Amino acid sequence: MSVELITFLMFIILFISLFLGLPVALGLGGTAILFAVILSPHTLLAAPSAFFYTPWQYVLVTIPLFLFMGNLIRYSGIADAAYEAAYKLIGHINGGLAMGTVIICTLFAAITGTTPPATITMGQIAYPSMMKYKYHNGIAIGAIGAGGALGALIPPSVPFIFYGLLAKVSIGSLFLGGIIPGAMLATFYVVYIGVRCKLQPHMGPPTPPDETFSKKEKIAAVLSIWPFIILIFLVLGVIWLGVATPQEAAAFGAGGALIINIIYRRLTWDIMKSSLVSTVQLTAMGLWILIGANLFTNVFSALGCQEVITSAALAMPGGRFGVLIAMMLIIMVLGMMMDDWAIIMLCTPLFIPIITQLGFDPLWFGVLFVVNIQIAYLSPPFGFVLFWIKSILPKDVHMGEVYRSVLPFIALQIVALILIIIFPQIATWLPNYVFN
């Protein structure tokens, strides 16, 4: 059997298993073991390494700590305080509540590292409020979805941790590389909402004129978001200043989230139990996917399939940027059907040898990768964020409305992706400035 046919069959079996609903870890590991047993039994020696070496890599300690921090913050009440601040400060302008939702999602992303917490929490807080003030679904739902998706890009991004581990890129550099693109996307969203609601006031009407607040009340509202600022400094500030490694910053952040819950008197046994259980479940899922991906990659390379993929990619028309665009399209399609962690762990080992051979910066490619995952997460018909949003919306809101609401934000994400491709410094300037 030719190596080309083996490569084709491995991908076909893998995707069939995933489409049939098999867990990603079992799909990756099972496909690898099946082909190893049939074609090259000695490659099964990679299995013990995948099982026993993978979970003990030091950088992985950041994942449960960041997840624990994010879970605690969901229950702390600071999201409610932040939304109240946005309501008092900019609710009186057209689209103010939607713009405030994006800003809060951006802050939320900077202390959770994943997309579900901000999407679900702000959906539960912001959507009813925007409906109360007669916002159009197209703005309300789109702002929540696009803002929530920023959790994958703005550090402490868990997808960056997995990518850095597999691509052998500094986690701290990736975190800093995601700041400017994340801020740029959030700015795009806010400007779009402001301009559209100014031109079409019915899309995001201001709060009633009689709902006014004094300067003192506004200052108090701003001061109420101090936990966000402290946590962002504990995670990113200590990395930026060179005081702590990402692993140590994760511990600072988790400890800070715990203290904030105590200060707000929100820490109960049920909240602690729920946060710990969710953290363990998500961490275990990620580790199993990583083990399966490592096993798949080891067998894939041992059978000579990686050379086939690399050769085929390098022979594509359009040169090195043609290959890059093809990779972006693959990630976008996979993102409509698979979890971001799974995509990163499947594609990174396949793409990095090609990226390196083409002379691209793996740090820059990592930022492009995660920006693209955001696009995929909002893309109909299977974008994951769309289904998270639908799960917390009233039953009379149809899926078609959700799809239509995110289309302008997808266009803005594509513009951002193109800008980062044309101007790599958007992703690389800050980490190069800090670490060089």
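Placed above this text is the structure.
Conventions we followed
Residues numbered from 1 in each chain as written. Predicted model: local features only at pLDDT ≥ 70, side-chain atom pairs only at ≥ 80, totals over all residues. Heavy atoms only, no water. Helix = DSSP H or I, 4+ residues; strand = E, 2+ residues; numbered from the N terminus. Contact = heavy atoms within 4.5 Å. Areas by Shrake-Rupley, 256 points an atom, 1.4 Å probe, with all protein chains shown as cover. Lys, Arg positive; Asp, Glu negative; His and termini not counted. Charge placed at Lys NZ, Arg CZ, Asp CG, Glu CD. Patch = residues over 30% accessible without salt bridge, like charges linked within 9 Å, V, L, I, M, F, W, Y side chains within 5 Å. Salt bridge = Lys/Arg side-chain N within 4 Å of Asp/Glu carboxyl O. Buried < 20%, exposed > 50% of the residue type's maximum accessible area, 1.4 Å probe, protein only. Core = buried A, V, L, I, M, F, W, Y, C linked by side-chain atoms within 4.5 Å. Phe/Tyr/Trp six-rings, centres within 6.5 Å; stacked < 30°, edge-to-face > 60°.

Asker: Any chance you could explain the overall build of the chain here in plain terms?
Answerer: When helices and strands are tallied, the chain shows 21 helices and 0 strands. Taking the principal axes of the C-alpha coordinates as reference, the chain spans close to 75 × 45 × 45 Å. Long-range pairs, those at least 24 residues apart, make up 80% of the contacts in the chain with a sequence separation of at least 6. For the chain, the exposed surface amounts to about 17,900 Å²; the carbon and sulfur share of it is 72%. Within the chain, one finds 17 positive and 14 negative side-chain charges whose respective centroids are separated by 9 Å.

Asker: I would appreciate a short explanation of a nonpolar patch on the surface in the present structure.
Answerer: Together, Met1, Leu5, Phe8, Ile12, Ile13, Ile16, Leu20, Ile33, Leu34, Val37, Ile38 and Leu39 give the surface a local cluster of nonpolar side chains, amounting to about 1,100 Å² of exposed area. Only α1 (3-19) and α2 (24-39) provide two or more residues apiece to the nonpolar patch. Secondary-structure assignment places valine 37 in helix α2.

Asker: How should the environment of valine 222 be read in this particular structure?
Answerer: Relative to the helices and strands, valine 222 resides in helix α11 (residues 215-223). On the basis of relative accessible area, valine 222 is assigned to the partly exposed category, the value being 38%. With 134 residues separating them along the chain, valine 222 and lysine 88 place their C-alpha atoms 9.2 Å apart. Beyond its immediate chain neighbours, meaning those up to four positions away, valine 222 contacts Ala85 and Leu89.

Asker: Help me understand the nonpolar core, please; the structure alone is not making it clear to me.
Answerer: Generally speaking, soluble globular proteins have nonpolar side chains that are buried together. Counting 154 residues, the largest nonpolar core has Met10, Met130, Phe162, Tyr163, Ile193, Phe365 and Phe369 as its most contacted members. Setting aside anything within four residues of it in sequence, one finds phenylalanine 365 in contact with Tyr163, Leu324, Met327, Met328, Phe351, Ile352 and Ile355.

Asker: Even after reading the chapter, I still don't get the packing of aromatic side chains, so can you show me in this structure?
Answerer: How two aromatic rings sit relative to each other is set out by the distance from centre to centre and by the angle between their planes. In this structure the tally under the stated criterion is 12 aromatic pairs. Judged by centre distance (5.5 Å) and plane angle (70 degrees), the rings of tyrosine 189 and phenylalanine 409 are edge-to-face. Residue tyrosine 189 is located in helix α10 (residues 171-199), and its partner phenylalanine 409 is located in helix α20 (residues 399-422); the two are separated by 220 residues in the primary sequence. By relative accessible area, which is 0% here, phenylalanine 409 ends up buried. For the ring pair tryptophan 429 and tyrosine 433, a centre distance of 5.2 Å and an interplane angle of 15 degrees mean the geometry is stacked. Of this pair, tryptophan 429 and tyrosine 433 both sit in helix α21 (residues 425-435), 4 residues apart, roughly one helical turn. Put simply, the rings of Tyr163, Phe351, Phe365 and Phe369 pair up and form one aromatic cluster.

Asker: Whenever I open this one, unusual backbone geometry confuses me. Can you help?
Answerer: Excluding glycine, residues mostly have negative phi values, and the peptide bonds linking residues are mostly trans. The phi angle at lysine 134 is positive, at roughly 65 degrees, despite the residue not being glycine. Of note, lysine 134 is situated in the loop between α7 (116-132) and α8 (137-149). Within the chain, lysine 168 stands out as a residue other than glycine whose phi angle is a positive 60 degrees. Inspection of the secondary structure puts lysine 168 in the loop between α9 (158-167) and α10. The class for lysine 168 is exposed, based on a relative accessible area of 75%.

Asker: Quick question: what am I supposed to make of the side chain of threonine 428 here?
Answerer: Checked against the element boundaries, threonine 428 lands in helix α21. Those residues in contact with threonine 428 that lie beyond four places of it in its chain are Asp361, Leu363 and Trp364.

It is worth stressing that arrangement in space is one thing and function is another; only the former is reported here.
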